[in-house]
Amino acid sequence: MGKVKIAASVTPNRTKFGPLLYPGELPRAVRELSEFGYDGIELSLRTAEDTDLADLARQLESAGMELLSIATGQSCIEDGYSLFNEDRESRAASVRRIRDFIDIVGPQGNAVILGGIRGSLTAPAGTRERERQYADGCAAVDECLEYAQKRGAILLLEAINRYETNLFNTVGSCCEFAAERNSPHLRVLADSFHMNIEEVSMEGAIEAAGPLTGVIHCADSNRLAPGMGHTDFARLLEGCETLSGLLYLGVEVLPLPDSRTCADQAITTLKRILEQER
Ligand code: LER
Ligand code: MN
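Residues numbered from 1 in each chain as written. Chains lettered and ligands numbered in written order. Predicted model: local features only at pLDDT ≥ 70, side-chain atom pairs only at ≥ 80, totals over all residues. Heavy atoms only, no water.

Draft legend 1. Quick peek at the overall build of the protein. Along its length, the protein carries 10 helices and eight strands. Since a compact globule built from 278 residues should have a radius of gyration of about 19 Å, the 18 Å found for the protein is in line with a globular shape. Along the longest, intermediate and shortest principal axes, the C-alpha atoms of the protein span 50 × 40 × 35 Å. Evaluated residue by residue, the protein yields a buried proportion of 54% over its 278 residues. By sequence separation, contacts in the protein at least 24 residues apart represent 76% of the contacts at least 6 residues apart. (Helix = DSSP H or I, 4+ residues; strand = E, 2+ residues; numbered from the N terminus. Rg over C-alpha atoms; globule rule 2.2 N^0.38 Å. Buried < 20%, exposed > 50% of the residue type's maximum accessible area, 1.4 Å probe, protein only. Contact = heavy atoms within 4.5 Å.)

As structure tokens, this is what we get:
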């Protein structure tokens, strides 16, 4: 594969979800990220109406950047919608949101992330209700996948740590789910912040996922920009250029001390590592 792309997670919204750069300042995000050499953005949205997407496309084009994916967790955080919700209407609303996002990125073959929008299993463990809830959730994900296949988008199932959800905590569990579907439209998102909590070996998890690895979210151990904590990114990203399914490396970090400092620090760290690998 060619050069590995680098994207930053941004949002037009002032959302409760913390690890996003330039919240509420999209035009500034595009300007500054292109100045630092980012290839694109991962756009975190609550709904498809959150921002003027035609205007954003124009800004990105003139900055030489791409909309590489849409992140979807705000539907759960802000509205309480989730794909594995026991409530049928909540599941249906989640699927509608995902379909809207697929319509935006599908024509370019780009991605929609299934992260926090999965929700959690809430029915008591070991009961028929719990089994039913899991099956209904899987059916909702499959509905999204079927639509992604039709429209050309890629779905990314993200491994998220146990303190946020009880579903798909490890990269391996996401791979298992994806392997059962065996679709080129479903890949796995490996986030270093979550892997640091859940995996025996972070680089081992990525190596085992191999071509199923669609995106790696790069946040340091403290969820700050790579280089601001103690995660060994050189080790984590060794060989990432050979991952045939890798769409980009994502910078999904807390904007501390501020977005500009993080954006600069993250890409400087990641580019230094990628260049050393060549
Ligand atoms: C989203 O990419 C993420 O990493 C999660 O923390 C969302 O719950
Ligand atoms: Mn993430």
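After presenting the structure, the write-up continues.
Draft legend 2. Structural context of the sheet that holds strand β2 (residues 40-44). The parallel closed barrel is built from eight strands, whose spatial order is β1-β2-β3-β4-β5-β6-β7-β8. Within this sheet the neighbouring strands show an average axis-to-axis angle of 30°, counted without direction. Sheet analysis places strand β1 (residues 6-10) next to β2, joined by four bridges and oriented parallel. If you follow serine 9 over to β2, its bridge partner there is glutamate 42. On top of the sheet, helix α1 (residues 26-36) reaches β1 and β2; it is set at about 160° to β1, its chief contact. (Pairing = 2+ DSSP bridges. Axes fitted to C-alpha atoms, helices over the stretch in contact; angles between N-to-C directions.)

Draft legend 3. Broad picture of the packing of helix α4 (residues 88-105) against helix α5 (residues 128-151). α5 packs onto α4 with a crossing angle of 20° between their chain directions and a minimal axis gap of 10 Å. Considered as vectors, α4 and α5 are oriented roughly parallel to each other. With respect to the hand of their crossing, α4 and α5 are arranged in right-handed fashion. Together, Arg91, Val95, Ile98, Arg99, Ile102 and Asp103 of α4 and Asp136, Gly137, Ala140, Glu143, Cys144, Tyr147, Ala148 and Arg151 of α5 make up the contact between the two elements. Here the residues of the contact of α4 with α5 sort into seven nonpolar, one polar and six charged. (Parallel < 35°, antiparallel > 145°, perpendicular 65-115°, else oblique. Left-handed = near helix turned anticlockwise from the far one by under 90°. Nonpolar A, V, L, I, M, F, W, Y, C, P; charged D, E, K, R; others polar.)

Draft legend 4. Here's a closer look at helix α8 (residues 202-209). Taken as a whole, α8 has its buried residues at Met202, Ala205, Ile206 and Ala209. Summarising the axial view, the buried residues of α8 lie within an arc of 95°, below the 170-degree limit, and thus occupy one face. Facing away from the buried side of α8, by more than 90 degrees, are the exposed residues Glu207 and Ala208. The secondary structure elements touched by the buried residues of α8 are α6 (171-181), β6 (186-191), α7 (192-198), β7 (213-217) and α9 (233-236). Its side-chain oxygen placed 2.8 Å from the backbone nitrogen of glycine 204, serine 201 serves as the N-cap of α8. Following α8 by one or two positions, glycine 210 has its phi on the positive side, about 50°. (Arc of directions from axis to C-beta. Polar contact = N/O pair within 3.5 Å; in protein donor to acceptor, adjacent residues only side chain to side chain.)

Draft legend 5. Representation of the coordination of the manganese ion (ligand 2) in the model. Glu158 (OE), Asp191 (OD), His217 (ND1) and Glu252 (OE) make up the full set of protein donors to the manganese ion (ligand 2), lying at 2.1 to 2.3 Å. Because the angles between the six donor atoms bound to the manganese ion (ligand 2) fall within 71 to 175°, the donor set is best described as octahedral. Look at where the donors of the manganese ion (ligand 2) fall in the sequence and you get E-x32-D-x25-H-x34-E. Of this pair, glutamate 158 sits in strand β5 (residues 154-158) while histidine 217 is found in strand β7, placing the two residues 59 residues apart along the sequence. (Donors = N, O, S within 2.8 Å, 3.2 Å for Na, K, Ca; no water. Tetrahedral: all angles 85-135°; square planar, octahedral: opposite > 155°, others 65-115°.)

Draft legend 6. Region of interest: the packing of aromatic side chains. Taken as a whole and judged by the stated rule, the model has three aromatic pairs. Taking 5.1 Å as the distance between ring centres and 70° as the angle between the ring planes, the aromatic pair formed by phenylalanine 168 and phenylalanine 177 counts as edge-to-face. With respect to class, phenylalanine 168 is no different from phenylalanine 177; both count as buried. Grouping aromatic residues by their ring pairs yields a cluster made of Phe84, Tyr134, Phe168 and Phe177. The residue whose ring lies beneath arginine 181 is phenylalanine 177, and the NZ or CZ to ring-centre distance is 3.7 Å. (Phe/Tyr/Trp six-rings, centres within 6.5 Å; stacked < 30°, edge-to-face > 60°. Lys NZ or Arg CZ within 6 Å of the ring centre and 35° of its normal.)

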